[in-house]
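Residue strings, one per chain:
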Amino acid sequence: MAELTLTFLGAGSMNGSILRGVLAAGTEAGGVRATTRSASSAEALHRETGVEVFAGESDPEANRKAVAGANIVLLGVKPYAILDLAREVAPALDPSTVVVSVAAGVTLDALQKALPDGQPVVRCMPNTPSSLGRGALSVTPGEHTSAERLAQVKDVLATVGTVVEVPEHLIRAVTGVSGSGPAYVFYLAEAMQQAGEKLGLDPETARVLAKETVSGAGELLAPDDADPAALRRAVTSPGGTTEQAITTFDEKGLRDIVAAGAEASATKGDEMEKEYDGQ
C-alpha cells in the first residue's frame, strides 16, 4: 500500500477501532491524524497512539486542519452529526480526497449532497473487532469514486479485517449481520454464563467458561474455509448431550430469534436513513 495520509474525524467506538487496527498493522503514526471533542481525550489518544490529534474544544478549526492534504478522511461521529461534519470540512478537502462514512443510516446521496460536487465518497459498515485486526467491513462506493480510489480505501481497511463490497441496498443486511453482530456474540456469552450459574457454578467460574468457550469457538471459525454448519455437526454426536441442546434451541426457535434481531437492526438503519436524508 502506497503511503497515504489518513484522517479520523472522531475516535469513538468504530473509528477508534479502525484507527488502532491500522496502527497495529504497521501504519506509521506520522501518516495518521485524528480529532476529538475534548482536549483531554486528544491528549490521551496522542499519548496512546502517537498520532497528531486536534481537539475541537480548544480549536474551532480542528476538523478542517485535520483534513487538509489527507488522502482518505473517515467520518466517525454519531450518525446524526455526520452531515453537519461533512459540510464543515467540505471547504478544506482536496478534490481527490476520499470521504468515508462509517456511520449507519447516512446514505451516499445525502453524503454527496453535503460535500463539494464530484467528491469521492464511500460508505463503510465496520465492526469493533477491527481494533484486533479481525473486523468484518463492507464498502460501497459513491458515483464519483474511481476504482483506484476505492482500492486505496479497501487496502487501508484490509489492514483491520476482511473487506467485502456490497451495493447500497444491501448495507442494511450487513448492519444486521456483522455491524451489530459482535453484540450478539457477547449477549450469547452472557446467557451462557447465566445458564452456568443456574446449573450451580459460581459466577466467576461460569464467566470464564463461557468467555473462553465463545472466544475459542471463534478461533475455530477463523480459517477461510471454516464452515459454521460443518463445525457444529462435527461436535454434535447423535444421541449425545450437544444434540439435545441443539434440538432444544431449534424447538425454542433460536434461528428465528436471531433472524428477527438482525431484521430489527436492519430496519432501524432504514429508519435512520429516512431521518438523516432530510437534514
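Going by the structure above, here's the rest.
Residues numbered from 1 in each chain as written. Predicted model: local features only at pLDDT ≥ 70, side-chain atom pairs only at ≥ 80, totals over all residues. Heavy atoms only, no water.

Caption draft 1: Quick look at the pattern of salt bridges. Enumeration according to the criterion identifies 15 salt bridges in this entry. Two residues, Glu48 and Arg20, come together in a salt bridge whose shortest N-O distance is 2.8 Å. Here Glu48 is found in helix 2 (residues 39–49), whereas its partner Arg20 is found in helix 1 (residues 13–24), with 28 residues between them in sequence. With a shortest N-O distance of 3.0 Å, Lys113 and Asp109 are connected by a salt bridge. Here Lys113 pairs with Asp109, and both are found in helix 5 (residues 108–114), just four residues apart, close to one helical turn. In this structure Lys113 comes out as exposed when scored by relative accessible area, which is 65%. (Salt bridge = Lys/Arg side-chain N within 4 Å of Asp/Glu carboxyl O. Helix = DSSP H or I, 4+ residues; strand = E, 2+ residues; numbered from the N terminus. Buried < 20%, exposed > 50% of the residue type's maximum accessible area, 1.4 Å probe, protein only.)

Caption draft 2: How the structure looks around helix 9 (residues 203–220). Between the first and last C-alpha of helix 9 there are 26 Å, a value that for 18 residues agrees with the 26 Å anticipated at 1.5 Å per step. Taken together, the buried positions of helix 9 are occupied by Ala206, Ala210 and Val214. Buried residues of helix 9, viewed axially, fall in a sector of 50°; they line one side. Opposite its buried face, helix 9 presents the exposed residues Glu219 and Leu220, each directed more than 90 degrees away. Against helix 8 (181–198) lie the buried residues of helix 9. For helix 9, the N-terminal capping position is held by Asp202, with its side-chain oxygen 3.2 Å away from the main-chain nitrogen of Glu204. (Expected span 1.5 Å × (residues − 1). Arc of directions from axis to C-beta. Contact = heavy atoms within 4.5 Å. Polar contact = N/O pair within 3.5 Å; in protein donor to acceptor, adjacent residues only side chain to side chain.)

Caption draft 3: Fine view of the nonpolar core. Among the nonpolar cores identified, the biggest contains 28 residues, and Phe8, Ile18, Ile72, Leu74, Val100 and Leu157 are the most heavily contacted of them. In this structure Leu157 touches Ile18, Leu74, Cys124, Leu137, Val139 and Val163, once residues within four positions along its chain are discounted. Grouped together as the second largest cluster of nonpolar side chains are 26 residues, Leu75, Leu85, Leu111 and Tyr276 included. (Core = buried A, V, L, I, M, F, W, Y, C linked by side-chain atoms within 4.5 Å.)

Caption draft 4: Main features of the sheet that holds strand 7 (residues 135–141). Spatially, eight strands are ordered 3-2-1-4-5-6-7-8 in an open sheet, and the strand pairing comes out mixed. Pairing within the sheet leaves two strands with one partner each, and these edge strands are strand 3 (52–55) and strand 8 (161–165). When strand polarity is set aside, the average angle formed by the axes of neighbouring strands in this sheet is 20°. Strand direction decides the pairing type here: strand 6 (residues 121–125) and strand 7, joined by four bridges, are antiparallel. Bridge pairing links Arg123 to Thr140 in strand 7. (Pairing = 2+ DSSP bridges. Axes fitted to C-alpha atoms, helices over the stretch in contact; angles between N-to-C directions.)

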